[in-house]
There are 6 protein chains.
Amino acid sequence: MKRTAVYPGSFDPVTRGHLDIIERAGRLFDRVIVAVLTNPSKRCTFSVSERLRMLEACVRGVPGVEVDAMNGLLVDYLKTRDSRILIRGLRAVSDLDYEFQLASINRQLDARVETVFLMPDERYTYVSSSIVKTVAQFGAQVDDLLPPAVCRMLRRKYPLSRSRSGKRRPRRALSFLSRRGRRARRKG
Amino acid sequence: MKRTAVYPGSFDPVTRGHLDIIERAGRLFDRVIVAVLTNPSKRCTFSVSERLRMLEACVRGVPGVEVDAMNGLLVDYLKTRDSRILIRGLRAVSDLDYEFQLASINRQLDARVETVFLMPDERYTYVSSSIVKTVAQFGAQVDDLLPPAVCRMLRRKYPLSRSRSGKRRPRRALSFLSRRGRRARRKG
Amino acid sequence: MKRTAVYPGSFDPVTRGHLDIIERAGRLFDRVIVAVLTNPSKRCTFSVSERLRMLEACVRGVPGVEVDAMNGLLVDYLKTRDSRILIRGLRAVSDLDYEFQLASINRQLDARVETVFLMPDERYTYVSSSIVKTVAQFGAQVDDLLPPAVCRMLRRKYPLSRSRSGKRRPRRALSFLSRRGRRARRKG
Amino acid sequence: MKRTAVYPGSFDPVTRGHLDIIERAGRLFDRVIVAVLTNPSKRCTFSVSERLRMLEACVRGVPGVEVDAMNGLLVDYLKTRDSRILIRGLRAVSDLDYEFQLASINRQLDARVETVFLMPDERYTYVSSSIVKTVAQFGAQVDDLLPPAVCRMLRRKYPLSRSRSGKRRPRRALSFLSRRGRRARRKG
Amino acid sequence: MKRTAVYPGSFDPVTRGHLDIIERAGRLFDRVIVAVLTNPSKRCTFSVSERLRMLEACVRGVPGVEVDAMNGLLVDYLKTRDSRILIRGLRAVSDLDYEFQLASINRQLDARVETVFLMPDERYTYVSSSIVKTVAQFGAQVDDLLPPAVCRMLRRKYPLSRSRSGKRRPRRALSFLSRRGRRARRKG
Amino acid sequence: MKRTAVYPGSFDPVTRGHLDIIERAGRLFDRVIVAVLTNPSKRCTFSVSERLRMLEACVRGVPGVEVDAMNGLLVDYLKTRDSRILIRGLRAVSDLDYEFQLASINRQLDARVETVFLMPDERYTYVSSSIVKTVAQFGAQVDDLLPPAVCRMLRRKYPLSRSRSGKRRPRRALSFLSRRGRRARRKG
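Residues numbered from 1 in each chain as written. Chains lettered and ligands numbered in written order. Predicted model: local features only at pLDDT ≥ 70, side-chain atom pairs only at ≥ 80, totals over all residues. Heavy atoms only, no water.

With respect to the overall build of chain A
Next, step 1: Broken down by element type, chain A carries 7 helices and 5 strands.
Next, step 2: Taken over 188 residues, chain A has a buried fraction of 68%.
Next, step 3: A separation of at least 24 residues holds for 73% of the contacts in chain A among residues at least 6 apart in sequence.
Next, step 4: Split by element, the accessible area of chain A, about 7,000 Å² in all, is 46% carbon and sulfur. (Helix = DSSP H or I, 4+ residues; strand = E, 2+ residues; numbered from the N terminus. Buried < 20%, exposed > 50% of the residue type's maximum accessible area, 1.4 Å probe, protein only. Contact = heavy atoms within 4.5 Å. Areas by Shrake-Rupley, 256 points an atom, 1.4 Å probe, with all protein chains shown as cover.)

Right, here's the structure in full:
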């Protein structure tokens, strides 16, 4: 029996941590669909098409992995893709309660849907899209945390920032430890 | 000695998990006041009067339980109701730190106030008002998670949505896993 | 070798819990710089200059401690102050994941930067700037949680509130347990 | 590609929580091997052959599931069964750190081995073999937590105990909340 | 309606943290029975009669509180005392999962039994019987953590130890951070 | 002012995770004493002199670091070494409660003693002495987790084990996932 798994997320932008989970899922199931959540009322740094393009550049060559956009209930989307498997990365204890709540409601909505939790490589335990964006705004080098294609696009987003010399800064500078940063992370 | 306990919350809307806690509290104390927090500057899905009406429909018949609206400091409200007991449901580890902080500040403000933590039925460990609203917007069936009266009112709030056929959607659709959903849950 | 440590934060306002960490850090390192994060786009209750003034009033007399304002990446600021040591207070489990993420990204940006975690006095485990502000708006006495200078300034911020008699209230009253309060805390 | 997953454990005895995980795993992979850890130096309540027999009675009829005994390193056993997938149930936060440590060392020993975490039905969040045995010794009814075949064998193990009338007790009675119970649980 | 609550534990020995919970429970319910778990096969530092005596000395004068010894299932004991309420102190996150498991099994065995969780004074968040005993063996002063009567009895248990001068030590000295200490704590 | 910090532990055996903490501490303080806890009644795999030798081989060349053996209360030992600083590595949430309890009791015994928590490199988040020993018994390669000198000594301890071919095994084989392994880990 061929099995399809869906890995949903904002991927705003996709990090090396996401890619690590995608590759692991790709070894477990015959097909993995990376599903970019599209929500017109949500403020993302990258547009849906940018996020799809970044992901496609990253998973090119990974067998069995494809990229898609989705909206609405996950259980509805799964049905359209003939899948009953959700993939979620589990980084730390603070993720657990939220992820279990999500898995629980999806199970409630469709009892046949199973959520599979994977543990990313230890190097990516503390990587999130939002923390990467926060430091990138100040010109920080984040090449170890992001795929090369994403690095390039991120640099274009924050063009005023220079390397770490600190000479030029984005106009709407965020303090790294500010409330905004903290809230962003909680959502990331 | 007759003892009155207060169970404060937003109840936006009241879930089966809330009702479970109310019933447990009702067996422990002579009187339980379910106190709806009213805050004009806060954006709730249901108005204070809607929330009061829903709760009253739900607790009708539960002996010793009444419903009230409150504003301001909990310790001040307790005094007006001649109560020194706060009830809080404790679902998961992520609740604990916040709940202990709350209990601690209330104790600081009035040393005679005691917070009593109750564990809901396992079936309601992952139920929250916000996750229920999020999926209800897409027409998901949430009858197992909400009392019947609340289900009806929720359906009236999101009239565009149909059962799970997915044909019609609320205009301002939220992606289930989107940042908004996540933030909402953290507050729920 | 003389060692300088930096203790960054919003300090909006500084609490007794913050002061406790400052004093502990002062015994561990030759110089401690309390760095107020300044972010024009962030909504703080107190202005940067107010926060600096409050902190300076509090640390006056604590040997080796000075107060500064900063913006941008922490690792960049550390370089300008010839420091490689970050101080962070660790109150509870819910802090841990966020703090480790922060320490991890800073280490990624500059491998020589070390984050030192200190445990505050048990009395301050549940004290945060935001919970103190939330209750102070209702006229609650928070003298045990804030230094005297901060208490005075906080009272001036919320002039409509009276002692606990509850007679006059701030116009934009917040319910203590409301979503706003909860979100605020998560950021605090 | 056919995929085999291994679900290792002591199963001393198998609970309804274990069976729930087995059924979920059975829907995800083509073959699931439930591997009973055999360790002569370990004190189990049930012998290896008893545990194998109980499991076989339970999984009879579940397609694609078989039962085996194993010893030694998990990564070595996986190789002999041509599997690269480990199944683990994740009940609560306190499980997480231990399970991640286990998954991490197995990944270290064989990078191709992936651990898949599944969430049991909420009803089984707090069920463990040791807590069931502890209360069964006092004659408590645990039919909701154990499969019927296991109930019968457990009753034979503790023959002195009667229903809850409390008339006859096992000679070496354990206080339910005693240190032994607590330690047992932590291992269970 | 008069309500009786049972606070079960080993109390080996009773600490100021336990007393704090007892006093809080005493304000919530008409009668509180402190139930010492007696288990012949368990190695306690103090005998059952010593523990009962210590507790009685401590709760003398606290209205509505009495001390008892118990064995067997908690739900059976509750029935004999006409109580349906269990009291448990909740100190930290690591307690939560175990306490919820306990509450869950007791609810399973008798659905009318409710577990009430109380938060001790912040000063006692990190106090446990075992850590107090471990340091007392080395002659450490633990008067702030134990009631006076318990201090005296503990000193008689470890007579070789002197104040902190460190001159004489118990023969079977335990390193404070040793595995024994750690395991003990987890059970405490 | 010269500052001495003490890093206490069993180091049975020292892992790369321990060394990582030692190096970080060495950059923070003028002198770091790695203190091996010696406890005659405790069963360690390596003797005190073996553990001292291993540590000395590992820290040779790390400036400012020395190795010592200690027994008794940490606060007493600190006094003899003219130190008021304890170093502890903090790997995960499950460590936190225990470590805070330890820091709290030490602060209680001597208010001038400060515990400094450091975060190890992400690669060592899940490394512990006991898990390394457990898998080493089966001949697993643990060279990435242990310093070379320790690897050699560990191989001598478990001479029957061969590489991963699995041909010869230690007589008293432990199942990797057995209760023993689990308990060991909790202590490690």
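Some words on unusual backbone geometry
Next, step 1: In this chain, Asp12(A) is followed by Pro13(A) through a cis amide linkage whose omega measures 0 degrees.
Next, step 2: Positive phi values are uncommon outside glycine, yet Phe11(D) reaches one of about 50 degrees.
Next, step 3: Accessibility expressed as a relative area gives 3% for Phe11(D), which makes it buried.
Next, step 4: Within the chain, Asp82(D) stands out as a residue other than glycine whose phi angle is a positive 60 degrees.
Next, step 5: As for its placement among the helices and strands, Asp82(D) is situated in the loop between α3 (74-80) and β4 (85-89).
Next, step 6: Relative accessible area serves as the criterion here: at 69%, Asp82(D) is assigned to the exposed category.

So, the nonpolar core
Next, step 1: Membership of the largest hydrophobic core comes to 115 residues, with the highest contact counts inside it found for Phe29(C), Ile87(C), Val116(C), Phe29(F), Ile87(F) and Val116(F).
Next, step 2: Dropping the residues within four chain positions of it, Phe29(F) is found in contact with Arg3(C), Leu28(C), Phe29(C), Arg3(F), Ala5(F), Ile85(F), Ile87(F) and Val116(F). (Core = buried A, V, L, I, M, F, W, Y, C linked by side-chain atoms within 4.5 Å.)

Describing the packing of helix α2 (residues 48-59) of chain B against helix α6 (residues 148-157) of chain B
Residues and elements named next belong to chain B.
Next, step 1: Across the interface, α2 lies against α6 with an axial gap of 9 Å and an inter-helix angle of 150 degrees. Considering their axes alone, α2 and α6 lie roughly antiparallel with respect to each other. On α6, the residues that touch Glu-50, Arg-53, Met-54, Ala-57 and Cys-58 of α2 are Ala-149, Val-150, Met-153 and Lys-157. (Axes fitted to C-alpha atoms, helices over the stretch in contact; angles between N-to-C directions. Parallel < 35°, antiparallel > 145°, perpendicular 65-115°, else oblique.)

Observations concerning the domain arrangement of chain A
Quoted interface sizes are often the accessible area lost when the parts come together.
All names here are of chain A.
Next, step 1: Examined at the domain level, chain A breaks down into domain 1 (4-124) and domain 2 (129-187).
Next, step 2: Taken together, the contact pairs 16 residues of domain 1 with 15 residues of domain 2.
Next, step 3: Summing both partners gives a buried area of about 1,300 Å² for domain 1 against domain 2, and 63% of it is carried by carbon and sulfur.
Next, step 4: Looking only at domain 1, the three residues that lose the most surface to domain 2 are Arg-16, Thr-45 and Phe-46, adding up to 37% of its buried area.
Next, step 5: One salt bridge in this structure joins Lys-157 and Glu-50, with 3.4 Å as the shortest N-O distance.
Next, step 6: Inspection of the domain 1/domain 2 interface yields 9 residue pairs in polar contact (both at pLDDT 80 or more).
Next, step 7: Counting only elements with at least two residues in the side of domain 1 that touches domain 2, the list comes to α1 (16-28) and α2 (48-59).
Next, step 8: No other element matches the 5 residues that α2 contributes to the side of domain 1 that touches domain 2. (Domains from an automatic or database assignment. Buried area = accessible area lost by both parts, 1.4 Å probe. Salt bridge = Lys/Arg side-chain N within 4 Å of Asp/Glu carboxyl O. Polar contact = N/O pair within 3.5 Å; in protein donor to acceptor, adjacent residues only side chain to side chain.)

Structural notes on the pairing of strand β1 (residues 4-9) of chain A
All names here are of chain A.
Next, step 1: Summarising burial for β1: 6 of the 6 residues are buried, a large majority.
Next, step 2: Burial along β1 is two-sided: the face carrying Thr-4, Val-6 and Pro-8 and the face carrying Ala-5, Tyr-7 and Gly-9 are both buried.
Next, step 3: Where β1 lies against strand β2 (residues 31-37), 6 bridges are found, and the strand directions are parallel. Following the sheet pairing, Tyr-7 is matched in β2 by Val-34.
Next, step 4: Regarding topology, α1 serves as the crossover connection from β1 to the parallel β2, and that connection is right-handed. (Pairing = 2+ DSSP bridges. Right-handed = clockwise from strand over helix to strand, strands pointing away.)

Examining the packing of aromatic side chains
Within a pair of aromatic rings, the relevant descriptors are the distance that separates the centres and the angle that separates the planes.
Next, step 1: Following the criterion strictly, the structure yields 21 aromatic pairs over all chains and no others.
Next, step 2: Aromatic side chains Phe100(A) and Phe117(A) sit 5.6 Å apart centroid to centroid with 40 degrees between the ring planes, which places their arrangement in the tilted category. Remark: Phe117(A) occurs in strand β5 (residues 114-118) and Phe100(A) occurs in helix α4 (residues 93-109); sequence separation between them is 17 residues.
Next, step 3: Classification of Phe100(A) by relative accessible area gives buried; the value is 2%.
Next, step 4: Its relative accessible area of 0% is what places Phe117(A) among the buried residues.
Next, step 5: Residues Tyr126(E) and Phe100(F) carry aromatic rings whose centres are separated by 6.0 Å and whose planes lie at 80 degrees to one another, so their mutual orientation is edge-to-face. Separated into two different chains, Tyr126(E) in the loop between β5 (114-118) and α5 (129-136) and Phe100(F) in helix α4 (residues 93-109) make up a pair that spans both.
Next, step 6: Aromatic ring contacts, followed pair by pair, group Phe100(A), Phe117(A) and Tyr126(B) into a single cluster. (Phe/Tyr/Trp six-rings, centres within 6.5 Å; stacked < 30°, edge-to-face > 60°.)

Re helix α6 (residues 148-157) of chain E
Next, step 1: Within the sequence span of α6(E), burial applies to Ala149(E), Val150(E), Cys151(E), Met153(E) and Leu154(E).
Next, step 2: Elements in contact with the buried residues of α6(E): α2 (48-59) and α5 of chain E.

A short note on the environment of His18(E)
Residue and element names in this part refer to chain E.
Next, step 1: Within the secondary structure, His-18 sits in helix α1 (residues 16-28).
Next, step 2: Spatially, the C-alpha atom of His-18 lies 9.6 Å from that of Arg-88, the residues being 70 residues apart in sequence.
Next, step 3: Leave out the neighbours within four places in its chain, and His-18 touches Tyr-7, Phe-11, Pro-13 and Ser-129.
Next, step 4: Among the polar contacts listed, one links the side chain of His-18 to the backbone nitrogen of Thr-15, at a separation of 2.9 Å.

A few points about helix α1 (residues 16-28) of chain F
Next, step 1: Over its 13 residues, α1(F) runs 19 Å from end to end, which matches the ideal 18 Å to within 8%, given 1.5 Å per residue.
Next, step 2: The N-cap residue of α1(F) is Thr15(F): its side-chain oxygen and the backbone nitrogen of Gly17(F) are 3.2 Å apart. (Expected span 1.5 Å × (residues − 1).)

Some details on the pattern of salt bridges
Next, step 1: In total, this model carries 90 salt bridges over all chains according to the counting rule given.
Next, step 2: With a closest N to O distance of 3.2 Å, Asp121(A) and Arg123(A) form a salt bridge.
Next, step 3: Note that Arg31(B) and Glu66(B) form a salt bridge whose closest N and O atoms lie 3.4 Å from each other. Linking Arg31(B) in strand β2 (residues 31-37) with Glu66(B) in strand β3 (residues 65-70), this pair joins segments that are 35 residues apart in sequence.
Next, step 4: Classification of Glu66(B) as partly exposed rests on a relative accessible area of 28%.
Next, step 5: Among the ionic contacts, a cluster of salt bridges with common partners joins Asp20(A), Arg24(A), Arg27(A), Arg107(D) and Glu114(D).

Some points on the packing of helix α4 (residues 93-109) of chain C against α4(F)
Next, step 1: Two elements in contact, α4(C) and α4(F), have axes separated by 10 Å at closest approach and are oriented at 120 degrees. With respect to α4(F), the axis of α4(C) lies oblique. In this structure, α4(C) meets α4(F) at a crossing whose hand is right-handed. Facing α4(C), whose interface residues are Val93(C), Leu96(C) and Asp97(C), α4(F) presents Val93(F), Leu96(F) and Asp97(F).
Next, step 2: In terms of residue class, the contact of α4(C) with α4(F) is built from 4 nonpolar, no polar and 2 charged. (Left-handed = near helix turned anticlockwise from the far one by under 90°. Nonpolar A, V, L, I, M, F, W, Y, C, P; charged D, E, K, R; others polar.)

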